[in-house]
Amino acid sequence: MPSQVGRRAVITGANSGIGFEAALALAEKGAELILPARTQAKADDAVQRIRKHVPNARMHADVLDLAEQASVHAFARRVIERFPGQSLDLLINNAGVMALPTRELTADGFERQFATNYLGPFALTLLLLPSIKQRPGSRIVMVSSSASNQGKIEFDNLQSERVYKPMFQAYAQSKLADLIFSQELQRRFQAIRSPILSVAGHPGYAVTNLQADHLGIGMKILISTMKPFLSQDAAHGALPMLYAAVAEEAVAGGYYGPDGIAELKGYPTAVPIPKSALDQEVAKRLWFESERLTGVKFGAL
């Protein structure tokens, strides 16, 4: 990784898993980091753990719950007030939840996986866009999932109000939406000739606390069976995200994942974008719905 001295990055979900490993790697290379978590205690803990490895790291702990639009707006306001003007080089939308066993609604009335994994990052990205430096090297990274291959954008079921299946419906839809957003954002950047890159990545099968106790017995058995052969640790799972964030070879609209069998483990490489993520009519409709639901719009840069 090249030196990150002089760069300022926001990384969501940096208190655990691949987000923490990405933050640690960027801190080791000199980046200044804004690290929000759902509670101040979790954010402070992440900062303290990174400082054990990088004592002089420049970091700012903050609070952000992507499931709550009010929290997204409040966090964005604090960033803009603390770092006015074009002050950010990198935004990594990493935080997420996976396969909640039952359908849950947020305070805004959104299904929790769709809200946390997609609507929150959508709103946060657009709110922080005026703070992203308009110069080569600035990037917005969406962390998707190989589950996006199984996803489908169901406009009559965006909030899983008609059908709720934890993994290959609700979760997969939210991660497909992330990938669609990344592609559409890049198209909009190109239309206005912005030098900012929109890039995406997925970690493969990285063993993190995303695979938590709420998973069903069948998924737990599958995970425990596959883990020794097809999984990788969080540090390796963070590599595609980091590649998308800093590699000079990463391209506009690129998608990066592990180079091993079925993209489950390995080192970063360009991976195929699912056809369902390239449908521009779906992308435009999803963007319209996302602006309507969040009240946040793509403004002038």
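What comes next concerns the included structure. (Residues numbered from 1 in each chain as written. Predicted model: local features only at pLDDT ≥ 70, side-chain atom pairs only at ≥ 80, totals over all residues. Heavy atoms only, no water.)

**What to know about the packing of helix α1 (residues 17-28) against helix α8 (residues 239-246)**
Then, in step 1: Direction vectors running N to C along α1 and α8 enclose 45°, while the axes themselves pass 9 Å from each other. In terms of orientation, α1 and α8 fall into the oblique class. For the crossing formed where α1 meets α8, the hand is right-handed. In this structure, α1 uses I18, G19, A22, A25 and L26 to contact α8, whose residues at the interface are M241, L242 and V246.
Then, in step 2: Its residues assigned to classes, the contact of α1 with α8 comprises seven nonpolar, one polar and no charged. (Axes fitted to C-alpha atoms, helices over the stretch in contact; angles between N-to-C directions. Helix = DSSP H or I, 4+ residues; strand = E, 2+ residues; numbered from the N terminus. Parallel < 35°, antiparallel > 145°, perpendicular 65-115°, else oblique. Left-handed = near helix turned anticlockwise from the far one by under 90°. Contact = heavy atoms within 4.5 Å. Nonpolar A, V, L, I, M, F, W, Y, C, P; charged D, E, K, R; others polar.)

**Some remarks on the packing of α1 against helix α2 (residues 40-53)**
Then, in step 1: Between α1 and α2, the least distance of the axes is 10 Å, while the angle of their chain directions is 45°. For the element pair α1 / α2, the angle class is oblique. Relative to α2, α1 is oriented so that their crossing is right-handed. Along its contact with α1, which presents F20, A23, L24 and A27, the element α2 presents A46, R49, I50 and H53.
Then, in step 2: For the contact of α1 with α2, a count of residues per class yields six nonpolar, one polar and one charged.

**Structural notes on the packing of aromatic side chains**
Then, in step 1: Going through the model one piece at a time under the given rule, you end up with eight aromatic pairs.
Then, in step 2: Between the aromatic rings of Y118 and F122, the centroid separation amounts to 5.9 Å while the plane-to-plane angle is 45°, which identifies the pairing as tilted. Of this pair, Y118 and F122 both sit in helix α4 (residues 112-128), four residues apart, which is roughly one turn of the helix.
Then, in step 3: Of the residues examined, F122 reaches a relative accessible area of 0% and is grouped as buried.
Then, in step 4: When the ring of Y118 is compared with that of F181, the centres are 6.3 Å apart and the planes differ by 80°; the resulting orientation is edge-to-face. Of this pair, Y118 sits in helix α4 while F181 sits in helix α5 (residues 166-191), and the two are 63 residues apart along the sequence.
Then, in step 5: Judged by relative accessible area, which is 1%, F181 ranks as buried.
Then, in step 6: By the ring-pair criterion, three or more aromatic residues cluster together here, those being F114, Y118, F122, F181, W287 and F298.
Then, in step 7: Residue placement shows R49 over the ring face of F20; its charged tip is 4.3 Å from the ring centre.
Then, in step 8: Sitting over the ring of F155, R285 keeps its end group 4.1 Å from the ring centre. (Phe/Tyr/Trp six-rings, centres within 6.5 Å; stacked < 30°, edge-to-face > 60°. Buried < 20%, exposed > 50% of the residue type's maximum accessible area, 1.4 Å probe, protein only. Lys NZ or Arg CZ within 6 Å of the ring centre and 35° of its normal.)

**With respect to the pattern of salt bridges**
Then, in step 1: Tallied over the full model, the rule gives 14 salt bridges.
Then, in step 2: The structure contains a network of salt bridges with shared partners spanning R8, E32 and R58. (Salt bridge = Lys/Arg side-chain N within 4 Å of Asp/Glu carboxyl O.)

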